[in-house]
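# A closer look at the structure
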Amino acid sequence: MTEPIPVSRPVDHGTAKLMPDVDRERAWLLTVDGAPQSYVDLDDPAHLEFEYARRLGHVLDVLAEPGAPLDVLHLGGGALTLPRYVHVTRPGSGQDVVEADCRLLDMVVEHLPVPEGVRLHAGDARAWLETAPDNSADVLVADVFGGSRVPAHLTTLSYARQAERVVRPTGVYLANLADAAPFDFLRSQLATFAAVFPELALIAEPAVLRGRRFGNTVLVASHQPVDLAGLTRRTAADAFPARVEYGPELATFIGDARPVRDENAVPSPEPPDGAFGIG
C-alpha cells in the first residue's frame, strides 16, 4: 500500500506544504511558511480539526433547517475545508470561493479533489466582493490571511458595507479574527461591523477573552437574530468549549472602539512566536 507523500511548493505568498496525517488515511494539513492554514479529511469532510473552523461550522449548523442548501461566499480558500463541510452537510448549496494566491489554489486543486458545485475564483477578496451582486449570499465567510495577518483593506467600514450589500437580509457575515489583550484590533472590528449590522455576536475561548493568550475568535454579524441558544449549546459542548458573547456584555467589551476607516486601517496583529505553530 502506497503511503501519502508530503508536497512542498513555492506559492505566491510563501512556501506551501501539504502533509498527510498519519492517524487519518486521507487527511491533509496545509501550511504556508510553517503556519497551519487548513486541515482536510477527504474521507470525512464534516470533520473540522481546527477549533475556529468548528465554531464556524456551528454557526452554519444553526442558520437553517438541517440539510437545507445555502448560497455561501467564502473569502479565502486554503484547502477548502469549510466549502467541503457545507457540501456534505447541506447538499445542493451554491458556493463561491475567492483565493488571492493563484499558485496555492492550483496546488490544492491538483492534490485535493474539489467538491461538485464549488466555484473557484482567483483574485483579491475585496475587489471580488465589490463586483458581487446585491443580496446574493446567505452566508459570507471571511477567512483571509496574508501570512498570519488579516490584510488591512479587509478591516474597514467601506469593506463592511460591501459585505452587508452582498449578504441577504436573512443572511449572516462570519469572520475569523485573531487577537490578544488589550484587543485593540478585535474591538475595532466589532465596532466596524456594529455600524453596519444590528445583530452582533462573538465566539471565543474563555482563556482568550480573559487575555491569557493570543487566539482565534469568530465574529457573527447579521440583520436578523441568529439562534444564539442553539449556537451556545454547540460551542459549549465542543472538545474545546467556547463562549458566545452578545448584547450588553459585548457592547461593554467593544467600549469606546471606533469603526475603522480606509485611511487608518492596519492589518491584524502579528501572532507571537509559536501561537499557531505545529508541535
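None of the values given here were measured: they were computed from a predicted structure. (Residues numbered from 1 in each chain as written. Predicted model: local features only at pLDDT ≥ 70, side-chain atom pairs only at ≥ 80, totals over all residues. Heavy atoms only, no water.)

### Looking at the pairing of strand 2 (residues 14-20)
For clarity, the threshold we go by: Here the rule is simple: two strands pair whenever DSSP picks up at least two bridges between them. Secondary structure counts use DSSP, requiring at least four H or I residues in a row for a helix and at least two E residues in a row for a strand, with both numbered from the N terminus.
As paired elements, strand 1 (residues 7-11) and strand 2 share 5 bridges and run antiparallel to each other. What sits directly across from Ser8, in strand 2, is Lys17. Where strand 1 hands over to strand 2, the hairpin turn is made up of 2 residues, counted between the paired strands. Bridge count for strand 2 against strand 3 (residues 27-32) is 5 bridges, and the pairing is antiparallel.

### Here's the deal with empty space enclosed by the protein
Note the cut-off: Throughout, the protein atoms alone are placed on a 1 Å grid, and a set of points is a cavity if a 1.4 Å probe fits but cannot get out or a pocket if it is open with protein on both sides within 12 Å along at least five of seven lines; lining residues have an atom within 4 Å of a point. Grid points are joined across faces, edges and corners, and a volume is the space filled by probe spheres set on the points.
The tally for this structure, following the rule as stated, stands at 1 cavity of 30 Å³ or more. Empty space within the largest cavity amounts to approximately 80 Å³. Counting only elements with at least two residues in the lining of the largest cavity, the list comes to strand 9 (167-179) and helix 6 (184-194). In terms of residue count, the dominant contributor to the lining of the largest cavity is strand 9 (4 residues).

### Concerning the pattern of salt bridges
Close approach of charged atoms allows side chains of opposite charge to pair. For clarity, the threshold we go by: Here a salt bridge means any side-chain nitrogen of Lys or Arg lying within 4 Å of a carboxyl oxygen belonging to Asp or Glu. Residue burial is assigned from relative accessible area. The probe radius is 1.4 Å, only protein chains are included, and a residue is buried under 20% of its type maximum, exposed over 50%, and partly exposed in between.
This structure, assessed with the given rule, holds 18 salt bridges. The partner of Asp138 in a salt bridge is Arg168, with the nearest N and O atoms 3.1 Å apart. Taken together, the residues Asp138 in strand 8 (residues 137-142) and Arg168 in strand 9 connect sequence positions 30 residues apart. Classification of Asp138 as buried rests on a relative accessible area of 16%. The residue Glu245 makes a salt bridge to Arg243 at a minimum N-O spacing of 2.2 Å.

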